[in-house]
Amino acid sequence: MRLKRNLLSIVIIVVSIVGTVFAFINYQMETGETAHINSNTRQTENPSYSSVAEDFEEFLVDRSNNKDDVSNVSHTQIEYDFDQVQRHRKTHLNGACDRLNQTRTLPRVSPASTFHFIISDKFKFLFCFVPKIACTTWKGIMIQLYHNQVGPTKKRFVKLDEIGSPEKVKKRWQNYKKVVFVREPLARVLSAYLNKLRDGDKKIQTKWERRFGAQIANIARKDDTHKRRNSDFTFVEFIKFILKLGPDIKLDSMKDHWLPYSSFTHPCRIQYDYIGHFETLAYDGPTIIKKLGVEDVVQFPEVHSSAAVDGLQTEYAKVPIDLILKLQEYYKMDYELFGYSKEESLKLVLGNRTTSDMPPQVVMHV
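Since this is a predicted model, take the numbers as computed values, not measurements. (Residues numbered from 1 in each chain as written. Predicted model: local features only at pLDDT ≥ 70, side-chain atom pairs only at ≥ 80, totals over all residues. Heavy atoms only, no water.)

What to know about empty space enclosed by the protein
Threshold: We place a 1 Å grid over just the protein atoms. Points where a 1.4 Å probe fits but has no way out form a cavity, open points with protein on both sides within 12 Å along at least 5 of 7 lines form a pocket, and any residue with an atom within 4 Å of a point lines it. Grid points are joined across faces, edges and corners, and a volume is the space filled by probe spheres set on the points. Comment: elements are numbered from the N terminus, with helices defined as DSSP H or I runs of at least four residues and strands as E runs of at least two. Amino acid classes used here: Ala, Val, Leu, Ile, Met, Phe, Trp, Tyr, Cys and Pro are nonpolar; Asp, Glu, Lys and Arg are charged; the rest, including Gly, are polar.
Tallied over the entire structure, the rule returns two cavities of 30 Å³ or more. Its volume calculated, the second largest cavity comes out at about 40 Å³. Every residue lining the second largest cavity is listed: Arg89, His92, Leu93, Ile275, His277, Leu337, Phe338 and Gly339. A total of three residues in the lining of the second largest cavity trace back to one element, the largest contributor, which is helix H3 (residues 82–99). Residue composition of the lining of the second largest cavity, by class: four nonpolar, three polar and one charged.

Focus on the pattern of salt bridges
Definition in use: Take a side-chain nitrogen of Lys or Arg and a carboxyl oxygen of Asp or Glu: if they are within 4 Å of each other, that pair is a salt bridge. For every residue, the accessible area (1.4 Å probe, protein chains only) is compared with the maximum for its type, and the residue is labelled buried under 20%, exposed over 50%, or partly exposed between those bounds.
Summed over all chains, the structure comprises 14 salt bridges. Aspartate 252 is the salt-bridge partner of lysine 255, the closest N and O atoms lying 3.9 Å from each other. Here lysine 255 matches aspartate 252 in class, with each residue buried. One salt-bridge network, in which partners are shared between bridges, spans Arg198, Asp199, Glu315 and Lys318.

What about the pairing of strand E1 (residues 117–120)?
Formally: Note on pairing: DSSP must find at least two bridges between two strands before they are called paired.
Burial along E1 is two-sided: Phe117 and Ile119 and Ile118 and Ser120, pointing in opposite directions, are all buried. As paired elements, E1 and strand E2 (residues 125–128) share four bridges and run antiparallel to each other. If you follow serine 120 over to E2, its bridge partner there is phenylalanine 125. If you look at the hairpin formed by E1 and E2, you'll find four residues sitting between the two strands, and lysine 124 has a positive phi there, around 55°. Note: E1 against strand E3 (residues 158–159), two bridges, orientation antiparallel. From the neighbouring strand, isoleucine 118 faces E3, where its bridge partner is lysine 159.

Overview of the sheet that holds strand E4 (residues 177–182)
Let me state the cut-off plainly: Any two residues whose heavy atoms approach within 4.5 Å are treated as being in contact. Lines fitted to C-alpha atoms define the axes, with helix axes restricted to the stretch in contact, and inter-axis angles between N-to-C directions lie between 0 and 180 degrees.
Here five strands make up an open sheet; going across it, the order is E3-E1-E2-E4-E5 and the pairing mixed. Across the chains shown, the open sheet's two edge strands, defined by having one partner strand only, are E3 and strand E5 (274–277). Sheet analysis places E4 next to E5, joined by four bridges and oriented parallel. Paired with phenylalanine 181 across the bridge in E5 is glycine 276. Along the sheet face, helix H6 (residues 166–175) touches E1, E2 and E4 and points at about 75° away from the line of E4.

What to know about the packing of aromatic side chains
Condition: Classification of ring pairs uses Phe, Tyr and Trp, with its six-membered ring standing for Trp, and accepts pairs whose centres are within 6.5 Å; under 30 degrees between planes counts as stacked, over 60 as edge-to-face, and the remaining range as tilted.
As enumerated under the stated definition, the model contains 19 aromatic pairs in all. Relative to tryptophan 138, the ring of phenylalanine 127 has its centre 4.6 Å away and its plane inclined at 15°; by these criteria the two rings are stacked. You can see phenylalanine 127 sitting in strand E2 and its partner tryptophan 138 sitting in helix H5 (residues 135–150), a full eleven residues away along the chain. Accessibility expressed as a relative area gives 1% for phenylalanine 127, which makes it buried.

Now the structure itself:
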């Protein structure tokens, strides 16, 4: 009798081990990394933006350096009802558009209004990419889907500004599924600064300093000797530069790294089917892949988090509070349309600092 019980125990243990091994293999298959990216490029004739070759060069550098900043991404195992979250986000957006009297008709077809949309004609959806919001990850996904559609090719993917015909563009806006990801604005602008002007690839940093260095120095540096050195900019200097230019400057493929994303995603004029948040990328990314019906072609890469809150507080500790408040006002439409709380964001970046010592006229705007 004792022998039978021992044999039964052994069988149960073996079955358990086999089951665990199969579960692990299945998990590895489901969360596998994206395929190798073809680095060949094409050129664009649109003078308002950097060439696609230059844009793709930055993509490859970011990809190789794993520069999709996924700090502040939630990884807590929580009960996450994707459909309910989407209903809430879209309801909030529509209500904000109405409250702010925003135009609801489709935007005029132009290079500026179509540049940020990547097309998948095979799977009939558009992805609106926003720099510094998992942009590298999603471009990699769109490359794989395009190569699945047309086979091996030097071309990366097709963007909406390549379609040409306004009627064909509008047809896709109206009939295709549309996806956009957004992010807390203070975290996004910090990511842009760190990636392009401090901690990123030195070649790209030099490119940015050549393009904007003289402007930043003239705006943010008062000392004449210091002003002549158009490099090594601080985050405070970058913020002053952004605020001085304002949110209404002409859009291009470098300025879109800090400009309010509400200005070029057209959230009140284009009805997005899926609104992802960078903070819930680990949940939204894989689920949207499944909703679009492309999970057999591409898997969403595993999201790696970092010390998000500590990083935000460390960098913003160097920024005067009144400048932070002005920066929040600069991104006012992003906050209002997509439901981010300025008050909660302020608490997040201030940490132990408070607004108690600030002039009353400044505190009133919190």
